[in-house]
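# Working through the structure, step by step
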Amino acid sequence: MCLLWYTIQVRVRYTVPHRYMKQGDLQQEFSDTFATYGDAIFRFCMVKVSNVELAEDMTQEVFMRFWQYLRAGNEMTNPRALLYTIANNLAKDWYKKKKPVALDEQLAVGKEPIAPTASPEVVAAYQEILDTIGDMEERDKQVLLLKHVEGLAPQDIATMIGETANAVSVRLNRATKRLQQRLHINI
Amino acid sequence: MKDNRDTTEYFKEWQNMKLSETSRARIHEELMEYADFHAVNESVSLATDGRSIEQAPHRGALSVFKFSFMPYLVLIAIVIGGGTSYAAAGALPGDVLYPIKTEVNESVKSAFTFGAEAEVALQAELVAERLREAEELEAEGRLTSAAATTIATNLRRHTAAAEAALQASEESDTRTFGAIITANLERFNQLVINDASLAIDLSMIGRTGADGSFTTSLATQEIAVSELQAMTTARLNSLTNVVTTKQAELSAEAYAEFKTKLDTASELSADVDVATEADARAAFNTIAELLGDVEAKLSTLGTVKIDENSGAIVDIDFSRVPALRIEDEMRGDVTITATSDDSESVDSEDETADPLLEADTSIDINSSGPGGINIEGSGAVRSGLSL
């Protein structure tokens, strides 16, 4: 029993090289991670919520959770994958909480930004992009984003959203065709 | 291909969807504040390889064993080490594992023995063990002079240890162990009866009392300092004499070495103040060591003649270099039986073996130490001692 416990300990200690970080180093790492992946997570959130304001808040929330994860000293080997996983879980929570809202309310909150964090032109441009895939299935949108925009491999996408690589590939293929239809490309 | 271009363009546009600069700055600032507020306690260890975070838990249960060979190495080492040690327990002199048995196993036993009585008991046990070995070798016709010498050396070592422990304890309960030791030593002497040099002088080691019990103490068997002085001087003189007369036949280095040692011994001997007994004994021990060194070296250069009474070297014949040294014999190159007339063990296929048969090895025991047991020159081997 003792031997087994020791074995597990040894495995945890020696399989992965570790480095020990203090607050300052860790914060720098955190800052760098935001600089690198902030936009990607924002895009992902945009796909999930279709709203600049909400997507920004969600992005911030994703990184806060990421910090808590770092702080707890958890194994952090691939920050990108971890960020997407957090964002995906956050979106699920968000959908659960989402109450049915009246169309005019939705318009007020979503399509016309209340706080001018982004210029109206930019928001309009973003909206155009999202409109193209507007009523596509949520999971179609996210595979399109992760594959074609972020350039992730189907296997990586699969682990992030909790599906098999095969299912992701099939979905990707169909979503691409649907997108092409929306872009008025005759196949 | 226009189709693809359109799609690609669409994705490119999508890629340009970014946080606005103001939002980015605001979020960054808020995140840093958050990180400051939820600061790390001391430090955090982070894994730094490139594996995806999700991959870690996906390993099968058996993969636990993949990288963790260290504990198994330890286990294997224990098993092998223990196995060797265990296997050595049955070894006899001449066996590869025999040194492990006497040096490792028994030293470990001794190290875990606390108290003088336990030590005496252990040494008695070890003496009995040596006897078992000697008898077993005898039964197999393998009791060569080398083996017998090894056993005799060990016996003297055990007896000395037992003596020392007995001195410390002063307990009468240890007498039974003393009796066991004495009885075993007598049996050993019977075994090697035709080789007087191997016999252990019981009178020097311990005294068997009238009631058969082992009565021993430093005082009863101690050699008087004056006697010790006389013996040492005799030995020193005869050695000096031999070295001086045979100077021509010795190499320059050997002579210089002997001369230095003998001069040192001589100086020490002159300075000995017999009045302070402990100091005198210490001095004689040092001298005995020096003389032992010289004797040991000499005995490898030629055939030495030893005075029966004093045990000192009185002459050396360089023309008859001992062809057989104890190391050679222990390597098992040549098998010579000291006690057996079994023709098989004297292998005649080696023609040069004949002269070797004349050579014999023995250990000279010179009783000058405080306990009466002092193996000169720590196992000095002299060859050619006629029996």
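Residues numbered from 1 in each chain as written. Chains lettered and ligands numbered in written order. Predicted model: local features only at pLDDT ≥ 70, side-chain atom pairs only at ≥ 80, totals over all residues. Heavy atoms only, no water.

### Some remarks on the packing of helix 8 (residues 154-161) of chain A against helix 9 (residues 165-182) of chain A
Residues and elements named next belong to chain A. Put simply, the rule reads: With axes taken as lines fitted to C-alpha atoms, and helix axes fitted only over the stretch in contact, angles between N-to-C directions fall between 0 and 180 degrees. Only runs of H or I of at least four residues qualify as helices and only runs of E of at least two qualify as strands under DSSP, and these elements are numbered from the N terminus. If an angle is under 35 degrees, it is roughly parallel; if it is over 145, roughly antiparallel; if it lies from 65 to 115, roughly perpendicular; otherwise it is oblique. Any two residues whose heavy atoms approach within 4.5 Å at even a single point are treated as in contact. Each residue is assigned to one of three groups, with Ala, Val, Leu, Ile, Met, Phe, Trp, Tyr, Cys and Pro labelled nonpolar, Asp, Glu, Lys and Arg labelled charged, and all others, Gly among them, labelled polar.
For the pair helix 8 and helix 9, interaxial distance at closest approach is 8 Å and the crossing angle is 105°. Classified by the interaxial angle, the pair formed by helix 8 and helix 9 is roughly perpendicular. Listed contacts from helix 9 to Pro154, Gln155, Ile157, Ala158 and Ile161 of helix 8 are Ala165, Val168 and Ser169. Taken together, the residues of the contact of helix 8 with helix 9 sort by class into six nonpolar, two polar and no charged.

### Brief notes about the pattern of salt bridges
Residues and elements named next belong to chain A. For clarity, the cut-off: Salt bridge, as used here: a side-chain nitrogen of Lys or Arg that lies within 4 Å of a carboxyl oxygen of Asp or Glu.
Within the structure shown, the criterion is met by 20 salt bridges over all chains. Residue Arg178 is joined to Asp140 by a salt bridge in which the shortest nitrogen-to-oxygen separation is 2.8 Å. With Arg178 in helix 9 and Asp140 in helix 7 (residues 138-149), this pair connects stretches of sequence that are 38 residues apart.

### Regarding the confidence of the model for chain B
Residues and elements named next belong to chain B. Note the threshold: A residue's pLDDT is the predictor's confidence in that residue, given on a scale from 0 to 100.
Of all residues in chain B, 63% have pLDDT values of 70 or greater, and the mean over the chain is 68. Taken element by element, chain B is modelled with least confidence in helix 9 (residues 218-221), mean pLDDT 37, and with most confidence in helix 2 (residues 21-37), mean pLDDT 89. For this predicted complex, the interface confidence comes out at an ipTM of 0.75, alongside a pTM of 0.39.

### Brief notes about the environment of A:Trp67
Formally: Summary of the burial criterion: residues with accessible area below 20% of their type's maximum are buried, those above 50% are exposed, and those between are partly exposed, where the area comes from a 1.4 Å probe applied to protein chains only.
Here A:Trp67 is to be found in helix 3 (residues 52-71). In this structure A:Trp67 comes out as buried when scored by relative accessible area, which is 0%. Between the C-alpha atoms of A:Trp67 and A:Ser31, which are 36 residues apart in sequence, the distance is 10.0 Å. Sequence-distant contacts of A:Trp67, defined by excluding residues within four places in its chain, comprise A:Gln23, A:Leu26, A:Gln27, A:Phe30, B:Tyr34, B:Ala35, B:His38 and B:Val40.

### Quick word on the environment of B:Ala124
Residues and elements named next belong to chain B. The residue Ala124 is located in helix 5 (residues 116-140) in this model. For the pair Ala124 and Leu155, spaced 31 residues apart in sequence, the C-alpha to C-alpha distance is 9.8 Å. If sequence neighbours within four positions are ignored, Ala124 has contacts with Phe177, Ile180, Ile181 and Asn184.

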